[in-house]
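Below are the chains, spelled out letter by letter.
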Amino acid sequence: MKWSWRIARVAGIGIYVHATFVLLLAWVALGGYQSGGSAAAAVAGVLFIAAVFLIVVLHELGHALAARHYGIATRDITLLPIGGVARLERMPREPRQELVVALAGPAVNVALAAVIWLVLAATGGAGPLPDLSAPTGGLPGRAFLGRLLSVNVWLALFNLIPAFPMDGGRVLRALLAMRRSGYAQATETAARVGRFFALVFGIVGLFVVNNPFLVLVALFVWLGAAGEAAAERQSSTLAGVPTGDVMITDVRTLAPGDPLSHAVRLILDGFQQDFPVVEDGAVVGMLTRRDLMRSLSERGESSAVGAAMNRDFPVSSPEEPVEEVLARLKSCNCQALPVVRARRLLGVLTLENVGEFMMVRTALGGVSGRGERVI
Ligand code: ZN
């Protein structure tokens, strides 16, 4: 994610904070200072937020480590003001595995709550859960721990609301998929339940308790339900399709000795944006539009394609599932990916042409990719 800094690396997974999160810290510190009137109040406020986000990181690590158990890598975990996001390479397709991965996050909160409760009970009895909106007490102590206990209980309950993009939405989908046959059907049903919850939150937030936070959550859930349904549609449309069936085969290529002006002509004629560079029948490089523009301004249009092209580029074989190649295409920051056999060019895969393929498939009524998922 742009505007994020890595603050730690746990079990090989980078933990990032987004710039907006630092703004939140500054805002809490300022609020604490203004209401408490002291630097200590500001520090206590920031400490509390930092502790909450440590809890959120542990929740996301719960998902990530459960996913790793099934051989699924996590790209990174990012802290946003609204919570944490773990980018898993994909979600497991097996309902039982999805259930475990989805439950692992809230399970961390339940475990943390139990530990804190035990500590409080052992040091003089755990009273009722303190009110989260009560002013921050002193620095870490019993009151502080009590509030962290509440945070864990709320995080577990909130995440188990059966609506996408909450963990509960995935739990519901996995349970439905275990009982019925189709994953797509289970997703549609879970997404519908999610939209219902979003409506209820929205109405209650607007007209009953007048709480803008609840309205925000409603919006978040509504969009999450739609996003998950769309991702699932993409997934089922592309499942099992080999890249060779989707790729463009009418491709213009360049030779390393061609002048850049030749590539400019092809772009202006509307053929492509990115060009495979072929020498003696083998693909030796890719000339992207960005490379072209940079070289044009640095070296002029008579310089050779070979000097401007990218020699380090991902490729695919025609047999590879298009879902996997699509994930590679999205992560390489390139527009087109050459499809080759024994270094010989067979075609090119672009995001645009995958989109067109899906449109045609959907129009034909065939429902049959799966990119990364956030949890
Ligand atoms: Zn979660």
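Residues numbered from 1 in each chain as written. Predicted model: local features only at pLDDT ≥ 70, side-chain atom pairs only at ≥ 80, totals over all residues. Heavy atoms only, no water.

Draft legend 1. Representation of the coordination of the zinc ion within the structure. Only His-59 (NE2), His-63 (NE2), Asp-167 (OD) and Asp-167 (OD) from the protein reach the zinc ion as donors, at distances of 2.0 to 2.6 Å. One way to put it: the 4 donor atoms around the zinc ion meet at angles of 55 to 152°, and that makes the site irregular. Here the donor residues of the zinc ion are spaced in sequence according to H-x3-H-x103-D. Of this pair, His-59 sits in helix α2 (residues 39–69) while Asp-167 sits in helix α5 (residues 167–179), and the two are 108 residues apart along the sequence. Each of the two residues, His-59 as well as Asp-167, counts as buried. (Donors = N, O, S within 2.8 Å, 3.2 Å for Na, K, Ca; no water. Tetrahedral: all angles 85-135°; square planar, octahedral: opposite > 155°, others 65-115°. Helix = DSSP H or I, 4+ residues; strand = E, 2+ residues; numbered from the N terminus. Buried < 20%, exposed > 50% of the residue type's maximum accessible area, 1.4 Å probe, protein only.)

Draft legend 2. Focus on the pattern of salt bridges. Throughout the structure, instances matching the rule amount to 7 salt bridges. Residues Arg-87 and Asp-76 are paired through a salt bridge, measuring 2.8 Å at the closest nitrogen-oxygen approach. In this pair, Arg-87 is assigned in strand β4 (residues 83–88) and Asp-76 in strand β3 (residues 74–80), connecting sequence segments 11 residues apart. Using a relative accessible area of 8% as the deciding quantity, one classes Asp-76 as buried. One salt bridge connects Asp-269 with Arg-265, and the closest N-O pair in it is separated by 3.1 Å. On the basis of relative accessibility, which here comes to 43%, the residue Asp-269 falls in the partly exposed class. For Arg-265, a relative accessible area of 47% puts it in the partly exposed group. (Salt bridge = Lys/Arg side-chain N within 4 Å of Asp/Glu carboxyl O.)

Draft legend 3. Up close: the nonpolar core. Residues Phe-21, Phe-53, Leu-79 and Leu-148 are the most contacted members of the largest nonpolar core, which totals 27 residues. Elements supplying a minimum of two residues to this core: β2 (13–18), α1 (19–36), α2, β3, α3 (95–122) and α4 (142–159). Per-element accounting of this core gives the leading share, 10 residues, to α2. Counting residues in hydrophobic clusters, the runner-up holds 15 residues, among them Leu-238, Val-241, Val-246 and Leu-349. (Core = buried A, V, L, I, M, F, W, Y, C linked by side-chain atoms within 4.5 Å.)

Draft legend 4. Highlighting unusual backbone geometry. If you check the backbone angles, Ala-11 has positive phi at about 50° while not being a glycine. Not every positive phi belongs to a glycine, and Asp-280 is a case in point at roughly 50°. Relative to the helices and strands, Asp-280 resides in the loop between β5 (275–279) and β6 (282–287). When its relative accessible area of 80% is taken as the criterion, Asp-280 is described as exposed.

Draft legend 5. Geometry of the domain arrangement of the protein. Segmenting the protein into domains produces domain 1 (4–160), domain 2 (182–238) and domain 3 (243–364). One C-alpha centre belongs to domain 1, the other to domain 3; they are set 43 Å apart. (Domains from an automatic or database assignment.)

Draft legend 6. Seen up close, the packing of aromatic side chains. Within this structure, the stated rule accounts for 3 aromatic pairs. A network of ring pairs unites the aromatic residues Phe-196, Phe-197 and Phe-201 as a single cluster. Its end group placed over the ring of Phe-48, Arg-147 keeps NZ or CZ at 4.0 Å from the ring centre. (Phe/Tyr/Trp six-rings, centres within 6.5 Å; stacked < 30°, edge-to-face > 60°. Lys NZ or Arg CZ within 6 Å of the ring centre and 35° of its normal.)

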